[in-house]
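Spelled out, the chains give:
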Amino acid sequence: MGAPTRTTCPYCGVGCGVSALPDGKGGAAIIGDKAHPANKGKLCSKGSALGETLSLDDRLLRPQVCGQDSGWDEALQLVADKFRTTAAEYGPDAVAFYVSGQLLTEDYYVANKLMKGYIGSGNIDTNSRLCMASSVAGHRRAFGTDTVPGLYDDIELADTVVLVGSNLAWCHPVLYQRLAAAKSARPEMRVVTVDPRRTATSDLSDLHLALRPGSDVALFNALLTRIVDEDALDHAFLGAHVEGFVAALAAARADDPEATGLSAEEIDAFCRLWMRREKVVTIYSQGVNQSSQGSDKVNAILNCHLATGRIGKPGMGPFSVTGQPNAMGGREVGGLANMLACHLDIENATHRTAVHEFWDSPVIADKPGLKAVDMFKAVGEGRIKALWIIHTNPAVSMPDADAVRDAIASCDFVVVSDVTGRTDTARLAHVLLPATAWGEKDGTVTNSERCISRQRAFLPAPGEARADWDILAEVARRMGHVAAFDYANPAEIFREYAALSGVAGKFGRDFDISALADCSDADYDALEPFHWPRSGTRSGGRFFGDGRFFTSDGRGRMLAVSTQAPVARPSADWPLVLNTGRLRDQWHTMTRSAKSPRLNAHMAEPYLEIHPVDAALAGLSPASLARVESPVGAAILRVLVSDKVQQGQVFAPMHWTGETASAGRIDALVPAVTDPVSGQPESKAATCRVTAFAAGAYGFALSLEEPVPDAPYWAKARARGGWRCELAWETAPQDWTEAARALFGLSPDAEPLVVADPARGLHRLAFLQDGRLAAALFVARDPVAVSRQHLIGLLGAEDALGVLAGQPGADRPDPGATICACFDVGVNTIRAAISAQNLTSVEAIGQALRAGTNCGSCKPELKALLEAAAPRLAAE
Ligand code: SF4
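Rules used throughout
- Residues numbered from 1 in each chain as written.
- Predicted model: local features only at pLDDT ≥ 70, side-chain atom pairs only at ≥ 80, totals over all residues.
- Heavy atoms only, no water.
- Helix = DSSP H or I, 4+ residues; strand = E, 2+ residues; numbered from the N terminus.
- Rg over C-alpha atoms; globule rule 2.2 N^0.38 Å.
- Buried < 20%, exposed > 50% of the residue type's maximum accessible area, 1.4 Å probe, protein only.
- Contact = heavy atoms within 4.5 Å.
- Areas by Shrake-Rupley, 256 points an atom, 1.4 Å probe, with all protein chains shown as cover.
- Lys, Arg positive; Asp, Glu negative; His and termini not counted.
- Charge placed at Lys NZ, Arg CZ, Asp CG, Glu CD.
- Pairing = 2+ DSSP bridges.
- Axes fitted to C-alpha atoms, helices over the stretch in contact; angles between N-to-C directions.
- Parallel < 35°, antiparallel > 145°, perpendicular 65-115°, else oblique.
- Left-handed = near helix turned anticlockwise from the far one by under 90°.
- Near = heavy atom within 4 Å.
- Nonpolar A, V, L, I, M, F, W, Y, C, P; charged D, E, K, R; others polar.

**Student:** Would you take a moment to explain the overall build of the chain for this structure?
**Tutor:** Looking only at helices and strands, the chain features 28 helices and 34 strands. Relative to its length of 876 residues, the chain is compact, with a C-alpha radius of gyration of 27 Å against a globular reference of 29 Å. Dimensions of the chain, computed from C-alpha atoms along their principal axes, come out at roughly 80 × 70 × 55 Å. Taking all 876 residues of the chain together, 64% fall into the buried category. In the chain, 72% of the contacts between residues at least 6 apart in sequence involve partners at least 24 apart. Carbon together with sulfur atoms contributes 51% to the accessible area of the chain, which is approximately 29700 Å² in total. Charge-centre separation for the chain: the mean point of 85 positive side chains lies 3 Å from the mean point of 102 negative side chains.

Dropping the structure here:
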């Protein structure tokens, strides 16, 4: 056993501190870091399961060139030569980097320096473009810089918290837990959720506004109008510190609140809750940002806070919560194509000269590079001829994902740095470079409240994997820039970055951490989490409470914003609006979180949430399969009938890939429509249609080894001790034994135990190896009704003869799908305890079953189960 290492969670923008205790066998015990200001020891289900994601399964351990193992020397020289010669022959804009919020700040710094200062192009963009570029644009328009004004503490101090387009309970769970605890301690606190969909977060709210998709500007313009009409303005703040009030108000008055689809009473209740309590925090996330009008939505929110002076003071302010662990670090260090490092502006010649001189570089990009959507269009059109993709999976996660996949496939030269070669994007690479993963990497990240924390290594780099900053610097040196990229360690890069931020500070920029420019390696190693800035004159705290902004005249800006007609309107051909988003227990394209069987047990396959009326119109029954089509793509998804989505709208999660499902890449359905200011894609309002997938047979399979499905529909996931797989065929195979052997990769002499009723389409096959259950397949004409958790528990067991029953005996109750991932408590177990023990609170369930007593991520679902059981209990 080694000593615990204090590091930071690699998932969402909450940026929780983690304490990792290596077990000496490549794994580690993970607990929350009580000393970290973001989480104070708490972790959500994903963070708690980090120890289960450290295995070397699927890891890329050595470089590959054209599918063959290679040495680093050969691979790096090829990359350096291709980028140098392509830029020389076709110009610097013929090459591009597409990077990721998974990068540490030091990695980002080197990539940005190489592209903007040494290749001379702005063509480096990050997948944060898909996440919160609209917030960046909104902040810059209102504040002059991309500054988050407040701190997480403000959420607990507020009297009203408004969550706009934010399913905080699932997407930022520890922040949600902090909010829930504050509301519990101060019941007078009010929570409002603004979201077309009722989510786990809505369960905490006193008021849920199910507005029309995309109509947030109209809602906040209605609020601004009411603020003026009821004289809730902060006249002193407005007069002394803000420009643009008159135009913003005129635009607000001209807007139509009816665009929201909300009743006058709902808007009135919202305005009263917002105006009549001074301490208001408005949290917003992807429902605001991922929009063709995302920047205007952000500014509509900021307008209300500026007009009332409710910004940068305890318990008050707008609050953008980011998706990725280092999305903020990427914004600060110049990871976006339209920014220089340290919040310096690429369009500003003085800023460009300052960075150019600081780097002493041969060139400096003289204009913004291509933003993500335009970058992949340029790849598809052959204008970008060499592309380096780092820690991200655009063949799945970009809008119009099929076109992006085809564009990457057509590119002359594609390099992918990643921890695994098993991604849809990595399979298209000419050169694959093995990078270190979380637990092996060393550097810093910034969370949503401007808190910079160390990510520290506690495991050795496996195989030949190398750190991203090291790979990038080596390529830069091989391109001829030896001295500028002669870094010995991340601390050296951090010092250079901190020194550059001092240059930015002299220009009056917000991001200044120059007090750390001389920190020693030991200081860097021991760096405690801190909120920037940290300059000679300023350390941490909130911004703008003093009315000083980073615009040319120091005044904040209210913007005139008006509701725009949706880019895509439902029509007879495309009658539904598709909303996409995240699940509680998965992360991005699942390359890490899907390694944890208990995380997979929450939602094991891609699904479509659809209103009962729309389901009936499309002939869809619960748990059947739907074919979902949009003008640009198609998917096949499990049907989840629910009135949490409004009629006319559907929701689907965005995590599944070509590696995990046959047709679950949801971004293949999302057209590449972007916000004209931020370049962020509209991921929440694609039009689509839904029809029934005519399944002739459904299947459920489990196996010790990974199955290799060949069916129009499949979705596979790791399960405890093996794998699980859902399947469906339009035409049932003739020979189920042959089909099962192919699925499981079994030899012809592997004989199954079989129970069949062909007349009813029922087939159950189990394969034993050395007397243990190695695989089983259950087939039915309707969605397969067996106890999945029970069957998974039998994998590898000797006493598996009862497996073909598909259900446990009366002595072994079926736990059902996992609700509490920490203690593996299933939905049936919880329902049974509620009924048998007359449980009436989440706390009572915790006492009875431990469910919800660790990370708390499942508390909203426990509450929903209690509410569903309440009428029955009352009648008993
Ligand atoms: Fe990680 Fe969960 Fe914390 Fe996000 S809330 S940083 S996923 S532990």
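Next comes the rest of the write-up.
**Student:** What's the story with the sheet that holds strand 10 (residues 207-209) in this structure? I'm lost.
**Tutor:** Strands in a sheet are paired, the pairing made by backbone hydrogen bonds, and the direction either parallel or antiparallel. Ordered by their spatial adjacency, five strands build an open sheet running 10-9-8-12-13, and the pairing between neighbours is parallel. Among the strands making up the open sheet, the edge pair consists of strand 10 and strand 13 (317-320). Geometrically, the sheet is characterised by an average inter-axis angle of 15° between neighbouring strands, direction not taken into account. Both strand 8 (residues 160-164) and strand 12 (residues 280-284) contribute to a ladder of five bridges, which runs parallel. Among the inter-strand pairings, Val 162 is bridged to a residue of strand 12, identified as Thr 282. Where helix 11 (residues 264-275) meets the sheet, its contacts fall on strand 8, strand 9 (190-194), strand 10 and strand 12, and the angle it forms with strand 10 comes to roughly 125°.

**Student:** I would appreciate a short explanation of the packing of helix 3 (residues 105-119) against helix 20 (residues 490-506) in the present structure.
**Tutor:** In a packed pair of helices, the relevant descriptors are the angle between the two axes and the axis-to-axis distance. At a minimum axis distance of 9 Å, the contact between helix 3 and helix 20 shows a crossing angle of 65°. As far as their axial angle goes, helix 20 and helix 3 are roughly perpendicular. For helix 3 against helix 20, the interelement crossing comes out left-handed. Contacts from Thr 105, Glu 106, Tyr 109, Val 110 and Lys 113 in helix 3 reach Pro 490, Ile 493, Phe 494, Glu 496, Tyr 497 and Leu 500 in helix 20.

**Student:** Help me understand the pairing of strand 31 (residues 762-769), please; the structure alone is not making it clear to me.
**Tutor:** In the case of a regular strand, side chains alternate between the two sheet surfaces. Summarising the sheet, strand 30 (residues 752-757) and strand 31 pair through six bridges and their orientation is antiparallel. Looking at the pairing, Asp 757 lines up with Leu 762 of strand 31. Turn length for the strand 30-strand 31 hairpin, with the two strands adjacent in sequence and antiparallel, is four residues, and the turn residue Gly 761 shows positive phi of about 75°. As judged from the seven bridges shared by strand 31 and strand 32 (residues 772-780), these two strands associate in the antiparallel manner. Each residue of the ladder has a partner; that of Leu 765, found in strand 32, is Leu 777. Where strand 31 folds back onto strand 32 in an antiparallel hairpin, the turn is made up of two residues, including Asp 770, whose phi is positive at roughly 55°.

**Student:** Is there a simple way to think about the site of the ligand in this case?
**Tutor:** Taken together, Cys 9, Tyr 11, Cys 12, Val 14, Gly 15, Cys 16, Leu 43, Cys 44, Lys 46, Gly 47, Pro 173 and Val 174 make up all the residues around the ligand. Contributing elements (two or more residues each) for the shell around the ligand: helix 1 (45-48) and helix 7 (173-185). The class makeup of the residues in the shell around the ligand is nine nonpolar, two polar and one charged.

**Student:** Please explain the pairing of strand 24 (residues 634-641) as it appears in this structure.
**Tutor:** Where strand 22 (residues 607-610) meets strand 24, four bridges bridge the pair, whose relative direction is parallel. In the strand pairing of strand 24, Glu 609 is matched with Leu 640. When strand 23 (residues 625-629) meets strand 24, the two strands line up antiparallel, connected through five bridges. Paired with Val 628 across the strands is Ala 635, a residue of strand 24. Between strand 23 and the antiparallel strand that follows it, strand 24, lie four residues.

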